[in-house]
Amino acid sequence: IPCMFIAWRGRGYLAMLIPVALFFLCGAIFSKDSKWIIPLSMLASAGIVGFLGYRWNLEDRDENDKPIHRLYYLPMHWFAVVYVAIAVISLMGEK
């Protein structure tokens, strides 16, 4: 049985929840054949996760001055770069 381990700290779980929610929202707005569902949802996620993660991690630090809000041991706002990369790759794959 496959198992997935999800590690987060603080509000880091939102770095995974926001893109999933926006993907389904874009899927409900656009037609199922649209090539814009993944790029738009990932770019919107990058903006939201990047802004919130940067702002929250700027304010909240642990005793070692590390960001508190993390997903998979990475600060939440770093996932904005991943989401932009996914959007660019998904646009390059479309013809």
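Preceding this paragraph is the structure being described.
Residues numbered from 1 in each chain as written. Predicted model: local features only at pLDDT ≥ 70, side-chain atom pairs only at ≥ 80, totals over all residues. Heavy atoms only, no water.

**Student:** What am I meant to see in the nonpolar core here?
**Tutor:** It is characteristic of soluble globular proteins that their nonpolar side chains tend to be buried jointly. In terms of nonpolar packing, the biggest core is built from 14 residues, with Leu14, Ala15, Ile18, Val49, Met76, Phe79 and Tyr83 touching the most fellow members. Elements with a contribution of two residues or more to this core: helix H1 (14-29), helix H2 (37-59) and helix H3 (79-93). With sequence-adjacent residues up to four places away left out, Tyr83 is seen in contact with Ala15, Met16, Pro19, Met42, Ser45, Ala46 and Val49. (Core = buried A, V, L, I, M, F, W, Y, C linked by side-chain atoms within 4.5 Å. Buried < 20%, exposed > 50% of the residue type's maximum accessible area, 1.4 Å probe, protein only. Helix = DSSP H or I, 4+ residues; strand = E, 2+ residues; numbered from the N terminus. Contact = heavy atoms within 4.5 Å.)

**Student:** Is there a simple way to think about H1 in this case?
**Tutor:** With 16 residues, H1 ought to run about 22 Å at 1.5 Å a step, and its terminal C-alpha atoms sit 22 Å apart, in line with that. Every buried residue belonging to H1 is among Leu14, Ala15, Ile18, Pro19, Leu22, Cys26 and Gly27, and all of these are buried. Residues of H1 that are buried sit in contact with H2, strand E2 (70-71) and H3. (Expected span 1.5 Å × (residues − 1).)

**Student:** Looking at this structure, I do not really get H2. What am I missing?
**Tutor:** Since the α-helix turns once every 3.6 residues, residues separated by three or four places project in the same direction. Helix length check: H2, at 23 residues, gives a terminal C-alpha distance of 33 Å against a target of 33 Å (1.5 Å per residue), a fit within 8%. For H2, the full list of buried residues reads Ile37, Pro39, Ser41, Met42, Ser45, Ala46, Val49, Gly50, Gly53, Trp56 and Asn57. Contacts from the buried residues of H2 go to H1, strand E3 (74-75) and H3.

**Student:** Help me understand the packing of H1 against H2, please; the structure alone is not making it clear to me.
**Tutor:** Relative orientation and spacing of two packed helices are given, respectively, by the angle between their axes and the distance between those axes. Running from N to C, H1 and H2 cross one another at 150°; their axes reach a closest spacing of 9 Å. With respect to H2, the element H1 is oriented roughly antiparallel. The crossing of H1 and H2 is right-handed. Residues Leu14, Ala15, Ile18, Pro19, Leu22, Phe23, Cys26 and Gly27 of H1 pack against Ile37, Ile38, Leu40, Ser41, Met42, Ala44, Ser45, Ile48, Val49, Leu52 and Trp56 of H2. (Axes fitted to C-alpha atoms, helices over the stretch in contact; angles between N-to-C directions. Parallel < 35°, antiparallel > 145°, perpendicular 65-115°, else oblique. Left-handed = near helix turned anticlockwise from the far one by under 90°.)

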